[in-house]
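# Working through the structure, step by step
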Amino acid sequence: MKFGMWKRTWAMIVKEFIQLRRDRMSLGLMIFIPLLQLILFGYAINMNPHHLPTAVFARDHGTYARTFLSAMKATRYFDIVREVHSDEEIDELILSGKIQFAVEIPENFSRDLARGQRPQMLVIADATDPATIGGPISALRVLAGTALARDMAGPLRGGQGSQAPFELVVHQRYNPEEITSLNIVPGLLGTILTLTMVVFTALAVTRETERGTMENLLSMPIRPVEVMMGKIVPYILIGAVQFALILGAAHLLFNVPVTGSLLLLVALSTLFIVANLSIGYTFSTVARNQLQAVQMAIMFFLPSLLLSGFLFPFRGMPEWAQYIGSVLPLTHFTRIVRGIMLKGATFGDMVQEVVALGLFTLAALGVAVTRFRRTLD
Amino acid sequence: MSPTMAADENEFVIDAEGLTKSFGNRTVVRDLTIRVRRGRIFGFLGANGSGKTTTIRMLAGLLRPDAGRGTCLGYDITTQTEMLKRHVGYMTQHFSLYTDLSIRQNLEFVARVHELPHPRRQARAAIERLGLAGREDQLAGALSGGWKQRLALSACILPGPELLLLDEPTAGVDPKARRDFWNNIHDLAAEGMTVLVSTHYMDEAERCHELAYLSAGQILTRGTAQEVIENSHLTTWTVSGPDLSELAKRIKTLPGIESVTPFGTTLHVSGTDAARIEKSISGLLDGPQKWERAEVTLEDVFIHMMGVAGDGEA
Ligand SMILES: Nc1ncnc2c1ncn2[C@@H]1O[C@H](COP(=O)(O)OP(=O)(O)OP(=O)(O)O)[C@@H](O)[C@H]1O
Ligand SMILES: [Mg+2]
């Protein structure tokens, strides 16, 4: 019986491949659309988010340090979510994407400040998404000059309009030159895969219904799971081709590096492709005709595009939008791609995203198999 | 192996009763009972929209009856559809193979889904039986209508089913191919295959072991061709000679005459009350036309029934 299942699934896969190969137009679109989008969107997009998660490594707890921190909060750019006690902790938090900024207040900050020795304050920023950190960093620079003005009355006060009482050192990690295309291109990889994968599988079942071939398919001893696998597998390959094309073009046109493991990127991209194929297939079993299926695909694609953190910084969105965003595969994939390509993140740093993608896929496949109509009713 | 293989010739391969199916609030098949023995060819007739396809789909496990129960080859048509689909060959009324696959690819797909050994070889053999050798790489969608039907039938027979449900399998097929098809069906039946076939052709109806005439989702009459004719109690006269269309108009309304149908150069005049017809036409027998008492044909019976039951739409 188990063996029979593979035979039938294989029959379905072969059939889908032949049909796919014969549909030259769609095949062409699957290759050209990604390249076109890559070139079109490869340049620039900007935004100004607030409430970015920030960790503080306070090696001094004097008044000036406290004043500066509350002034930082008052800008609404920073949410101090962590108190850390070592540089290693900061490194780990930034790498896994849990924080956007880390502020390190040096030992004897207040004392040195009082003595007018211009102590250095270190700010570390995750610059993979330059659009996110531009605003906060400018705000910090202004703050350096003004935040302590009231506390430092009298002799301590620097001359009006003179330099700040302490030096703000900003370290940008991962993308220090703030090259937007470095950020856009990895995001685009996910967007393009979402669009094509969801649309093409969304048509999978409705096409059979509309062409009347469903009646014959249903009258044969093939199970819904087998039909589903047969329709999904060929597109994994199409997805792989798109992936290779986009990555190759991104490397050639924009010099986007792959800092982390290419193998890991390939593996997780495959997971992402399967997640999208699953949701597309689910639409396909719900929709009554091809037009409805395409509409559903677009209804899914738009929030993916807008709420995943690709187009607008994720942390700049209101909370409810972030909740929706965290259900969407593209959100997690954007983090995975940025993580691996720009930060050199490892599997360990991505576990959360991988679990999210896996759960999403399983849920979608479950719905699809139960929704698949076994009769013509 | 199906549980019915060892059973005797008299058990019912199709055994359904009380089948009822509605779409929205329209009942399309109503309390329909059908039994077909092994090795029999059962003809399913009825006007367009009378519910033939709907009934066949229920028997193939593709539609759930709203009421009633049934088995095909001993498998329940609502709960054992998986086994049903393995052993029943269903040929749809409209071509439902893949038009963007070649003839060979379609047959190979069917063979693979049915887990036949050597799908390629089986497909090649089927192509040779069809007489399509040399054209096997042509797209199925590019075949002419009749050839599509023949391909669909051979795809349906390929997995070696024990029961065939054929929905108008010869629509659009030329007379020679139709004869070949029916000879083939009779050979298969002789080997123990059971066949339920819907058709609008009278010559085909006559080649069935048993017939059922469906109207508005109900079986109006059933039996062998001979029984159907006898049960109709119909009398038919044929008229030949000049001015037949003039005559047809004149006699249509006479008492006892229920249908007047032109057949080439003759008119068929039928009714169920032989005495009243004779009385009505007695004055015309000496006219310029030649009147003859004729054998009642199946066609007379069905045209008569369509007239009585309306167009058959449920
Ligand atoms: N899926 C459906 N939804 C709604 N109505 C349907 C559906 N399928 C069939 N019908 C209706 O049921 C009635 C019977 O249809 P069916 O196809 O069974 O007729 P048929 O005897 O096969 O006719 P034909 O000789 O034209 O093939 C028709 O009036 C048709 O409109
Ligand atoms: Mg029909």
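Residues numbered from 1 in each chain as written. Chains lettered and ligands numbered in written order. Predicted model: local features only at pLDDT ≥ 70, side-chain atom pairs only at ≥ 80, totals over all residues. Heavy atoms only, no water.

## A short note on helix 3 (residues 63-74) of chain A
The α-helix advances 3.6 residues per turn, and as a result positions three or four apart in sequence lie on the same side. Residue and element names in this part refer to chain A. For helix 3, built from twelve residues, the straight-helix expectation of 16 Å at 1.5 Å per residue is met to within 8% by its first-to-last C-alpha distance of 16 Å. All of the buried residues in helix 3 are Tyr64, Ala65, Phe68, Leu69, Ala71 and Met72. Angular distribution of buried residues about the axis of helix 3 spans 160 degrees; they occupy a single face of the element. Summarising the geometry of helix 3, the exposed residues directed more than 90 degrees from the buried face are Arg66 and Ala74. One or two residues past the end of helix 3 sits Arg76, with phi positive at roughly 70 degrees. (Helix = DSSP H or I, 4+ residues; strand = E, 2+ residues; numbered from the N terminus. Expected span 1.5 Å × (residues − 1). Buried < 20%, exposed > 50% of the residue type's maximum accessible area, 1.4 Å probe, protein only. Arc of directions from axis to C-beta.)

## Notes on the sheet that holds strand 4 (residues 67-72) of chain B
Residue and element names in this part refer to chain B. Read from one edge to the other, the open sheet built from four strands follows the order 2-1-4-5, with strand pairing classed as antiparallel. For this open sheet the edge positions go to strand 2 (26-37) and strand 5 (75-76), each flanked by a neighbour on one side alone. In terms of strand pairing, strand 4 meets strand 5 through two bridges, oriented antiparallel. Across the sheet, the residue bridging to Thr71 is Asp76, located in strand 5. Packing of helix 1 (residues 52-59) onto the sheet brings it into contact with strand 1 (12-23), strand 2 and strand 4, and relative to strand 1 it is tilted by some 120 degrees. (Pairing = 2+ DSSP bridges. Contact = heavy atoms within 4.5 Å. Axes fitted to C-alpha atoms, helices over the stretch in contact; angles between N-to-C directions.)

## Some points on the pattern of salt bridges
By the definition in use, this model includes 30 salt bridges over all chains. Its salt-bridge partner being A:Lys231, residue A:Glu16 comes within 2.5 Å of it at the nearest N-O pair. Here A:Lys231 lies in helix 9 (residues 224-254) and A:Glu16 lies in helix 1 (residues 2-22), a separation of 215 residues in the sequence. Each member of the pair A:Glu16 and A:Lys231 is classed as buried. We note a salt bridge from B:Lys21 to A:Asp377, for which the minimum N-O separation is 2.4 Å. Of this pair, B:Lys21 sits in strand 1 while A:Asp377 is found in the segment after helix 14 (347-371), placing the two residues in two different chains. (Salt bridge = Lys/Arg side-chain N within 4 Å of Asp/Glu carboxyl O.)

## Some thoughts on the coordination of the magnesium ion (ligand 2)
Ideal coordination angles are 109.5 degrees for a metal with four donors arranged tetrahedrally and 90 or 180 degrees for a metal with six donors arranged octahedrally. Residues and elements named next belong to chain B. Distances from the magnesium ion (ligand 2) to its protein donors, namely Thr53 (OG1) and Gln93 (OE1), fall within the range 1.9 to 2.1 Å. A residue pair is termed long-range when its members are at least 10 positions apart, and Thr53 in helix 1 and Gln93 in the loop between strand 6 (88-91) and helix 3 (103-113) qualify at 40 residues. Judged by relative accessible area, Thr53 falls into the buried class, the value being 18%. The class for Gln93 is partly exposed, based on a relative accessible area of 27%. (Donors = N, O, S within 2.8 Å, 3.2 Å for Na, K, Ca; no water.)

## What to know about the site of ligand 1
Residues and elements named next belong to chain B. Around ligand 1, 15 residues are found, and the nearest of them are Arg26, Gly49, Lys52, Thr53 and Thr54. A distance of 2.6 Å separates an oxygen atom of ligand 1 from a polar side-chain atom of Thr54. In the model, an oxygen atom of ligand 1 is placed 3.1 Å from a nitrogen or oxygen of the His200 side chain. Coverage of ligand 1 by the protein amounts to 69% of the 640 Å² it exposes when considered alone. If you list the elements that add at least two residues to the shell around ligand 1, you get strand 2 and helix 1. Of the residues forming the shell around ligand 1, the biggest block, three residues, is contributed by helix 1. Considered class by class, the residues forming the shell around ligand 1 number three nonpolar, eight polar and four charged. (Near = heavy atom within 4 Å. Polar contact = N/O pair within 3.5 Å; in protein donor to acceptor, adjacent residues only side chain to side chain. Areas by Shrake-Rupley, 256 points an atom, 1.4 Å probe, with all protein chains shown as cover. Nonpolar A, V, L, I, M, F, W, Y, C, P; charged D, E, K, R; others polar.)

## Notes on the packing of aromatic side chains
What the rule picks out here adds up to eleven aromatic pairs over all chains. Judged by centre distance (6.4 Å) and plane angle (65 degrees), the rings of A:Tyr77 and A:Phe78 are edge-to-face. For the pair shown, A:Tyr77 and A:Phe78 are each scored as buried. Between B:Phe42 and B:Phe44, the ring centres sit 6.3 Å apart and the planes meet at 50 degrees, which makes this aromatic pair tilted. Of the two residues examined, B:Phe42 and B:Phe44, each falls in the buried class. Taken together, A:Tyr77, A:Phe78 and A:Phe101 form an aromatic cluster joined through their ring pairs. The residue whose ring lies beneath A:Lys15 is B:Phe109, and the NZ or CZ to ring-centre distance is 5.8 Å. Over the ring of B:Trp147 we find B:Arg150; its NZ or CZ atom is 3.8 Å from the centre of that ring. (Phe/Tyr/Trp six-rings, centres within 6.5 Å; stacked < 30°, edge-to-face > 60°. Lys NZ or Arg CZ within 6 Å of the ring centre and 35° of its normal.)

## A word on the confidence of the model for chain A
Note that predicted coordinates carrying low pLDDT should not be read in detail. Per-residue pLDDT for chain A has a mean of 82; in total, 90% of the residues score no lower than 70. Overall, residues 155-161 of chain A carries pLDDT values under 50, and its contacts beyond four positions in sequence, including any with other chains, amount to four contacts. (pLDDT = per-residue confidence, 0-100.)

## Things to note about the domain arrangement of chain A
Residue and element names in this part refer to chain A. What the domain assignment lists for chain A is domain 1 (52-173) and domain 2 (180-376). Here domain 1 meets domain 2 over a buried area of about 1000 Å², counting both sides, of which 56% is carbon and sulfur. When the buried area of domain 1 at its contact with domain 2 is split by residue, Leu95, Thr128 and Asp129 rank highest and sum to 51% of it. Across the pair Lys343 and Asp126 runs a salt bridge, and its minimum N-O distance is 2.9 Å. Secondary-structure elements contributing two or more residues to the side of domain 1 that touches domain 2 are strand 1 (52-58), helix 4 (87-95) and helix 6 (130-146). Tallied by class, residues from the side of domain 1 that touches domain 2 come to seven nonpolar, five polar and three charged. (Domains from an automatic or database assignment. Buried area = accessible area lost by both parts, 1.4 Å probe.)

## Some details on the interface of chain B and chain A
At the interface, 25 residues of chain B touch 30 residues of chain A. With both sides pooled, the region where chain B packs onto chain A buries about 2600 Å², and carbon together with sulfur makes up 58% of that total. With its nearest N and O atoms 3.2 Å apart, the salt bridge here joins B:Asp100 to A:Arg211. In this structure, the connection of chain B to chain A is made through 14 residue pairs in polar contact (both at pLDDT 80 or more). For the side of chain B that touches chain A, the secondary structure elements donating two or more residues are helix 2 (81-87) and helix 3 of chain B. With five residues, helix 3 of chain B is the largest single contributor of residues to the side of chain B that touches chain A.

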